[in-house]
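# A closer look at the structure
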Amino acid sequence: MKITIIGGGAAGFFAAIAAKSHFPDAHVCILEKTSKFLGKVKISGGGRCNVTNATFNSRLLSENYPRGEKFLRKAFETFNAQDTVNWFESRGVALKTYPDNCIFPLSNESQSIIDCFLLEARKLGIELYTSHSVESIRRTDKGFEIETNQGKHVADRVIITVGGQPKSNWFSAIESFGHNIIPPVPSLFTFNMPKEPIKALMGVVVEHARVRIEGQKLVGIGPLLVTHWGMSGPAILQLSAWGARILAEKDYCCSILVNWLDEVKEEALRATCTSIQKNHGAKMLQNHNPFPIPNRLWIYLLEKNEIKPETRWQDLAGKHANKLINTLINDRYEVQGKTTFKEEFVTAGGIDLHEIDVKSMESKRVPGLYFAGEVTDIDGITGGFNFQAAWTTGYIAGKNVGV
């Protein structure tokens, strides 16, 4: 049996290794259009590769996917985060879990993951082809005929793992097989705020913030980073993932509301301020920042509300007090565009999951054609979840491709 995997990324390698492991007599090859395999793995996580997340309950794990939650809840019954940890560690890749549950190789280098895949592929006898751009694929009486820029390949089974590139011609090719494509839009991006003075605070991090799109219920929770172009950090990336389609419809122009104090509500904040005025009233605002935010941001918020930093707490009253309280928990900013890290892009959209058998990742429309990874309508928030989806869907496709 000839099994061809199109796409030499995370899902492609995992699918190929699973296929050859389960069907050792099969001829398995990977066709990669670029000159290097696993390019996205190489640069992901700042070159460290966040391989998965220590969420070992499959139901809870699936809740981190804006698209694909129900599908993955079933898929994780076959291969989950614990299986990923076992898989890498059994092949000599030591892993480390961080306080935020992100799991990285102990080496802190993505090359450890790449070396593991390449070694495993060669050990199993998987044929690896770089610079093989697939120009067309068609169904024949005997299987599939794949035309590349370097010649023709024939295959009995094909696993497509080409990623979720928004401008990819692959979606047109897959549509020609009768598949419905959910239009891809970017996910996991940062917010550009060209007109907002807060950019001058670039480098400031608030560890526990909440961000929402004005008029929407979606919330991003976690660290927020001020950048020279606007805002980033897990809270922003999370919001961009859950709000990917909403933000695309708005052409990435909207207002966001930031609660710099996480879950704190107005009533509790007023009580805190009253207590400070009673116990520390003689202290100047600039010298007594009672909140878990950096002093640079504290001074900025005071000045934003035309409050002199040398004002004493006991003198903070009236509209100035009201404005400061509102700003701390409901700070408004204008977003005018996004920044997507091109090499690390994630897309919402892809092949409609209703047309894929979750037990095998086989197309319900074309027998012998399988899909894995981000080419499907699956995407996760930041934290190792997108790689976990790649490992899971790749494993299921490879395990079943020769059945």
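Residues numbered from 1 in each chain as written. Predicted model: local features only at pLDDT ≥ 70, side-chain atom pairs only at ≥ 80, totals over all residues. Heavy atoms only, no water.

### Quick notes on helix α1 (residues 10-22)
Put simply, the rule reads: Runs of H or I in DSSP of at least four residues are treated as helices and runs of E of at least two as strands, each being numbered from the N terminus. Here a helix's expected span is defined as the number of its residues, less one, multiplied by 1.5 Å. Buried, partly exposed and exposed residues are distinguished by accessible area as a fraction of the type maximum, computed with a 1.4 Å probe on protein chains only: under 20%, between the cut-offs, and over 50%, respectively.
Helix length check: α1, at 13 residues, gives a terminal C-alpha distance of 18 Å against a target of 18 Å (1.5 Å per residue), a fit within 8%. Burial analysis of α1 places 11 of its 13 residues in the buried class, which makes it a mostly covered element. Of all the residues in α1, the buried ones are Ala 10, Ala 11, Gly 12, Phe 13, Phe 14, Ala 15, Ala 16, Ile 17, Ala 18, Ala 19 and Lys 20.

### Overview of the pairing of strand β19 (residues 346-351)
To keep it simple, the criterion reads: For two strands to count as paired, DSSP must find a minimum of two bridges between them.
Of all 6 residues making up β19, 6 are buried, and the element is well covered by its neighbours. Inspection of the sheet shows strand β11 (residues 181-187) paired to β19 by 5 bridges, in the antiparallel sense. Across the sheet, the residue bridging to Ser 187 is Val 346, located in β19.

### What about the packing of aromatic side chains?
Rules: Aromatic pairing here means that ring centres of Phe, Tyr or Trp (its six-membered ring) are within 6.5 Å. Orientation follows from the plane angle: under 30 degrees is stacked, over 60 is edge-to-face, and everything else is tilted. The rule is short: NZ of Lys or CZ of Arg within 6 Å of the ring centre and within 35 degrees of the ring normal puts a charge over the ring.
On inspection of all chains with the given rule, the structure shows 21 aromatic pairs. Ring centres of Tyr 65 and Phe 385 lie 6.0 Å apart, and the angle between their planes is 80 degrees; on these two criteria the pair is classed as edge-to-face. Residue Tyr 65 is found in the loop between α3 (58-62) and α4 (69-75), and its partner Phe 385 is found in helix α13 (residues 385-400); the two are separated by 320 residues along the sequence. Given a relative accessible area of 0%, Tyr 65 falls into the buried group. Each residue in the set Phe 13, Phe 14, Phe 37, Phe 79, Trp 87, Phe 88, Phe 117, Phe 387, Trp 391 and Tyr 395 is aromatic and connected to the rest through ring pairs, giving one cluster. Seen from the ring of Trp 87, Arg 91 lies directly overhead, with NZ or CZ sitting 4.0 Å from the centre. Over the aromatic face of Tyr 333 sits the side chain of Lys 304, whose NZ or CZ is 4.1 Å from the ring centroid.

### Side note on the side chain of Thr 148
Heads up, the condition is: Any N or O atom pair separated by 3.5 Å or less is treated as a polar contact, with the protein-specific requirement of one donor-capable and one acceptor-capable atom, and with residues adjacent in sequence counted only for side-chain atom pairs. The contact rule is simple, with two residues in contact once any of their heavy atoms fall within 4.5 Å.
In this fold, Thr 148 is placed in strand β8 (residues 144-148). Thr 148 sits in the buried class, given a relative accessible area of 3%. Reaching out from Thr 148, the side chain makes a polar contact with the backbone nitrogen of Gln 150 at a distance of 2.9 Å. Polar side-chain contacts of Thr 148 include one of 2.8 Å to the backbone oxygen of Gly 151. If sequence neighbours within four positions are ignored, Thr 148 has contacts with Leu 31, His 132, Ser 133, Val 134, Glu 135 and His 153.

### A look at the sheet that holds strand β3 (residues 52-53)
Read from one edge of the open sheet, 3 strands run β3-β5-β4, paired in antiparallel fashion. Bordering the open sheet on either side are β3 and β4 (95-97), each of which pairs with just one other strand. Two strands pair when backbone bridges link them, and β3 and strand β5 (residues 102-105) are joined in this way by 2 bridges, in the antiparallel orientation. By the bridge assignment, Asn 53 is partnered in β5 with Cys 102.

### With respect to the pattern of salt bridges
Quick reminder of the rule: Definition used for salt bridges: Asp or Glu carboxyl oxygen within 4 Å of a side-chain nitrogen of Lys or Arg.
One pass over the full model with this rule turns up 15 salt bridges. Across the pair Arg 67 and Asp 379 runs a salt bridge, and its minimum N-O distance is 2.8 Å. Highlighted residues: Arg 67 in the loop between α3 and α4 and Asp 379 in the loop between β22 (369-371) and α13, separated in sequence by 312 residues. Judged by relative accessible area, Arg 67 falls into the buried class, the value being 12%. By relative accessible area, Asp 379 is classed as buried at 0%. Measuring nitrogen to oxygen at the nearest pair gives 3.4 Å for the salt bridge that ties Arg 210 to Glu 263. In this pair, Arg 210 sits in strand β13 (residues 205-213) while Glu 263 sits in the loop between β16 (253-259) and α10 (266-280), placing the two residues 53 residues apart along the sequence. For Arg 210, a relative accessible area of 24% puts it in the partly exposed group. Given a relative accessible area of 53%, Glu 263 falls into the exposed group. Taken together, the salt bridges that share partners define one network made up of Arg 91, Glu 120 and Lys 123.

### Brief notes about unusual backbone geometry
The residue Asn 101 is not glycine, and still its phi comes out positive at about 75 degrees. Secondary-structure assignment places Asn 101 in the loop between β4 and β5. Asn 101 sits in the partly exposed class, given a relative accessible area of 31%. Positioned with a positive phi, Asn 108 is a non-glycine residue whose angle comes to about 60 degrees. For Asn 108, the position within the fold is in the loop between β5 and α6 (111-124). Relative accessible area serves as the criterion here: at 30%, Asn 108 is assigned to the partly exposed category.

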